[in-house]
Amino acid sequence: MLVITVSDGGSRTDSRRQSDHVFDFGITGYRPGWLQGLNPIATTHGRRLAGLTGRTLHHVWLVWDLRADEWFSDCPVLLDFGDEYVEINHQKFDDLSITFNSIDPRETVTWPTSDDFQLAWQAEPIEQLEDLRGQTLHQAELLEYVGGTMAHGSIALGFAFPAGHLTIYNALDENGLLFGPPSQDWREHIL
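Residue indices begin from 1 for each chain and proceed along its sequence in written order. Thresholds applied to this predicted model are a pLDDT of at least 70 for local features of residues and 80 or more for the giving and counting of side-chain atom pairs; totals over whole chains, interfaces and linings are not thresholded and use all residues. Only hydrogens and water are set aside; all other atoms, that is, all heavy atoms of the structure, feed into the side-chain values.

On to the overall build of the protein chain. Numbering goes from the N terminus for both helices and strands, where a helix is a DSSP run of H or I of at least four residues and a strand is a run of E of at least two. Within the protein chain one finds two helices and 14 strands. Note on exposure labels: buried denotes an accessible area under 20% of the residue type's maximum, exposed denotes more than 50%, and partly exposed covers the range between, all computed with a 1.4 Å probe on protein chains only. For the protein chain, buried positions account for 41% of its 191 residues. Every residue pair with non-hydrogen atoms within 4.5 Å of one another is taken to be in contact. Sequence-distant contacts, at least 24 apart, represent 60% of the contacts inside the protein chain between residues at least 6 apart. The accessible surface values rely on the Shrake-Rupley method and a 1.4 Å probe; as for residues, cover is taken only from the protein chains in view. Summed over all atoms, the accessible surface of the protein chain reaches about 10,200 Å², with 47% contributed by carbon and sulfur.

What follows deals with the nonpolar core. What makes a nonpolar core is a set of buried Ala, Val, Leu, Ile, Met, Phe, Trp, Tyr and Cys residues whose side-chain atoms join them at distances within 4.5 Å. The biggest cluster of nonpolar side chains holds 29 residues, and the ones touching the most others in it are Leu49, Leu79, Val86 and Phe159. Here the element with the most residues in this core is strand S11 (residues 155–161); it accounts for four residues. Look past the residues within four positions of Phe159 in its chain and what remains in contact with it is Leu52, Leu79, Ile88, Leu137, Gln139, Ala140, Gly164, His165, Leu166 and Ile168. Judged by nonpolar contacts, the second largest core, of 13 residues, contains Phe25, Ile27, Cys75 and Ile103.

Quick look at the sheet that holds strand S13 (residues 175–179) now. Pairing is antiparallel across the open sheet formed by five strands, whose spatial order is S13-S12-S11-S10-S14. Every other strand in the sheet has two partners, leaving S13 and strand S14 (186–190) as the edge strands with one partner each. Direction aside, neighbouring strands of the sheet carry axes that sit 25 degrees apart on average. Direction of pairing for strand S10 (residues 139–145) relative to S11: antiparallel, over a ladder of six bridges. Note on S11: the bridge partner recorded for Leu143 is Ala156. Lines fitted to C-alpha atoms define the axes here, with helix axes fitted over just the stretch in contact, and angles between the N-to-C directions of these axes take values from 0 to 180 degrees. Its contacts with the sheet place helix H1 (residues 38–50) against S10, S11 and S14, and it is angled at close to 170 degrees to S10. DSSP calls a pair of strands paired once it identifies at least 2 bridges connecting them.

Attention shifts here to the packing of aromatic side chains. Centres within 6.5 Å are what make two rings of Phe, Tyr or Trp a pair, Trp counting through its six-membered ring; a difference in plane orientation under 30 degrees is then read as stacked, over 60 as edge-to-face, and the rest as tilted. Tallied over the full model, the rule gives eight aromatic pairs. Clustering of aromatic rings is evident, with ring pairs tying together Phe25, Tyr30, Trp34, Phe72, Trp111 and Phe117.

A side chain with one charge can pair with a side chain of the opposite charge if their charged atoms come near. We count a salt bridge whenever a side-chain nitrogen from Lys or Arg sits within 4 Å of a carboxyl oxygen from Asp or Glu. Tallied over the full model, the rule gives five salt bridges. Across the pair Arg48 and Glu84 runs a salt bridge, and its minimum N-O distance is 3.0 Å. Remark: Glu84 occurs in the loop between strand S6 (77–80) and strand S7 (85–91) and Arg48 occurs in helix H1; sequence separation between them is 36 residues. With a relative accessible area of 39%, Arg48 lands in the partly exposed category.

Turning our eyes to something else, we now look at the environment of Ala163. Along the polypeptide, Ala163 turns up in the loop between S11 and strand S12 (164–170). On a C-alpha basis, the gap between Ala163 and Leu132 in space is 7.4 Å, while along the polypeptide they are 31 residues apart.

A few words on a nonpolar patch on the surface. Grouping into patches uses exposed residues only, defined as over 30% relative accessible area, and leaves out salt-bridged ones; the cut-off is 9 Å for like charges and 5 Å for nonpolar side chains (Val, Leu, Ile, Met, Phe, Trp, Tyr). On the surface, Phe93, Met150 and Leu172 cluster together into a nonpolar patch covering about 320 Å² of accessible area. Structurally, Leu172 can be placed in the loop between S12 and S13.

Residue Phe25 is not a glycine yet carries a positive backbone phi of 60 degrees. One can find Phe25 in the loop between strand S2 (12–16) and strand S3 (34–35). Owing to a relative accessible area of 6%, Phe25 belongs among the buried residues under this scheme. One non-glycine residue, Asp69, adopts positive backbone phi at about 55 degrees. For Asp69, a relative accessible area of 56% puts it in the exposed group.

In structure tokens:
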């Protein structure tokens, strides 16, 4: 948080305080780290994502809205590779957070701005996710959207498996999932 104080003489004094408040999406232990752009994301997370190659995907966890019986796509997508959890979340038009091993899907999700939501982690609540379960990751990739719309330049994560492909992308202030090879609207950057 930046606090600016103005004295009577009109000069500005800049006193900086760091805020500990990070919106945690109602998930205990989760602290997203938002990045934008291919290079900062690749530099920060590329090596660790590439290190997932050869690991078996145990589960894909999504936060499920129990009342509406649908995916609550504002919360992160959690890929469970056994001893390594990858937590992927998108917000705004180009913010991407990738974190590791901070979420326990056995914990309760309590959306902080509403008591009306009944949310819970569910493994493979979408059929196409069940098809990926138990497969070995062939490669992880960063996908840059080059489709010429307002999403141009946004970064998604792609995960290629022997019998399928999962893309987790920015669906304009929430997460989206695509199944199958990336279209020509995505430029692949293999890690």
